[in-house]
Structures are given as C-alpha cells and as structure tokens.
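# Topology and contacts: notes
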Amino acid sequence: GLLDKSIPMYEEALDIFRQLSEKYPLVYQTQIAMTQMNIGVLYMALGNMNRSIELLEATIATYQEMAKHKSGVYEPNIAMTLVNLGMAYDAAHRYDEGKEVLDQATKIYGRLAEKTPAAFNFYYAYSLNTQASNSIFQNRFADAERQARQAVDIEASQVIFQTNLAVALLTT
C-alpha cells in the first residue's frame, strides 16, 4: 500500500539529511531525528516492530545528543518519541520496556504541562492514556484506572481516554 511506498522516500530523505549534516550538523540533526521517528512510526503501522524500535531508539539517542548542546529544548521531542517507542514495545509484547519509557515520557510531559498547560496538557493526557493501555496489557487495572482517570480529567473530550477508563473500571 501507500505506507510501503512511502518508506523508500523517507529513507532517501534521511540519507540526504545525513549527508547535509556532515557540513551543517546543527541544522540537519533535527530533520534526521524527525525523519527517523516518522519511519519508525511507519514500520510500527506496518507491523515491523523490530525495525520500528530500532529507529525510535536511534531517534531518542539523536535528540539526547542534541540536548547536550541545548538543554531542555528537545524535551517535547524526546517525550513524543518515548511515547511512540512505548507503543512499539507494547505491540512487540515487551510490556516492561514499554512501561519504563512511557513512565519517562509522562514525567517529561507532566513537567512541561505544569509550565505551559495550553501547549502540553493534551500530550500529558495522551501519555497517561498510553500508560493506561500498557497497564491494561499487564493486567494492572488499578494503575490503568488511575492513569486513564487522570487523562480524562485533563482532556475529557477524548473518547479513547474514556474508553481506556471504561476498560479499567470493567476489569477491577
């Protein structure tokens, strides 16, 4: 399908960004990281969790390297990638690893939402909801209820957040 056809184009763009970053590393590192994450998400959608996880882990490493030069600037990007990585781990039935990275993402988004609620409340709620999914997968329904309830309290209009809360409540 279309997803299969888009991967070679993304990979070509990634190669170009890598070449350009040899001359202008500060300019193109962000494009490398974003492109790696997009390819990782595409592989997740196609069911290739190993390749998805590999790319998402590389994306986090890229952002963390960049963060050494500009502390705090890349926290939202790191958190977003951690959420995607957590979903890929969950899809690969690597739930403990998923829980670990989702906990990290939620902590980052929680800090960001405290400082700038208008910009980060949705992402904080989304990471809490993704944690709730992970908890449901691991039969930790009390945790799932708490996480989903927090997500709903922040963003009540999101049906998927309400769905996870309902699942957690039905199983406790």
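Here is a short report on the structure shown in this document. (Residues numbered from 1 in each chain as written. Predicted model: local features only at pLDDT ≥ 70, side-chain atom pairs only at ≥ 80, totals over all residues. Heavy atoms only, no water.)

Once that is clear, we can look at helix 4 (residues 75-91). For helix 4, with 17 residues, the first-to-last C-alpha span of 24 Å sits near the 24 Å given by 1.5 Å per residue. Three or more residues of helix 4 are buried, namely I78, A79, T81, L82, V83, N84, L85, G86, A88, Y89 and D90. Close packing links the buried residues of helix 4 with helix 2 (25-45), helix 3 (49-67), helix 5 (95-115) and helix 6 (117-137). Following helix 4 by one or two positions, H93 has its phi on the positive side, about 65 degrees. (Helix = DSSP H or I, 4+ residues; strand = E, 2+ residues; numbered from the N terminus. Expected span 1.5 Å × (residues − 1). Buried < 20%, exposed > 50% of the residue type's maximum accessible area, 1.4 Å probe, protein only. Contact = heavy atoms within 4.5 Å.)

Along the chain, P117 falls in helix 6. Overall, the relative accessible area of 41% leaves P117 in the partly exposed class. C-alpha separation for the pair P117 and I154, spaced 37 residues apart in sequence, amounts to 9.9 Å.

It is worth spelling out the pattern of salt bridges at this point. By the definition in use, this model includes nine salt bridges. Ionic pairing is found between E54 and R51, a salt bridge with its closest N-O pair at 2.5 Å. One end of the pair is E54 and the other is R51, both in helix 3 and three residues apart, which spans about a single turn. In this structure, D143 and R146 form a salt bridge, with 3.8 Å as the shortest nitrogen-oxygen distance. Placement of both D143 and R146 in helix 7 (residues 141-154) is noted, with a separation of three residues, approximately one turn of the helix. One network of salt bridges, in which partners are shared, links E11, R51 and E54. (Salt bridge = Lys/Arg side-chain N within 4 Å of Asp/Glu carboxyl O.)

Next up on the list: the packing of helix 6 against helix 8 (residues 159-171). In contact at an axis separation of 10 Å, helix 6 and helix 8 are set at 30 degrees when each is read in the N-to-C sense. Between helix 6 and helix 8, the angle is such that the two are roughly parallel. In this structure, helix 6 crosses over helix 8, and the sense of that crossing is left-handed. Residue-level inspection shows F122, A125, Y126, N129, A132, S133 and I136 of helix 6 in contact with helix 8, the latter providing I160, F161, N164, V167 and A168. For the contact of helix 6 with helix 8, the class distribution of residues is nine nonpolar, three polar and no charged. (Axes fitted to C-alpha atoms, helices over the stretch in contact; angles between N-to-C directions. Parallel < 35°, antiparallel > 145°, perpendicular 65-115°, else oblique. Left-handed = near helix turned anticlockwise from the far one by under 90°. Nonpolar A, V, L, I, M, F, W, Y, C, P; charged D, E, K, R; others polar.)

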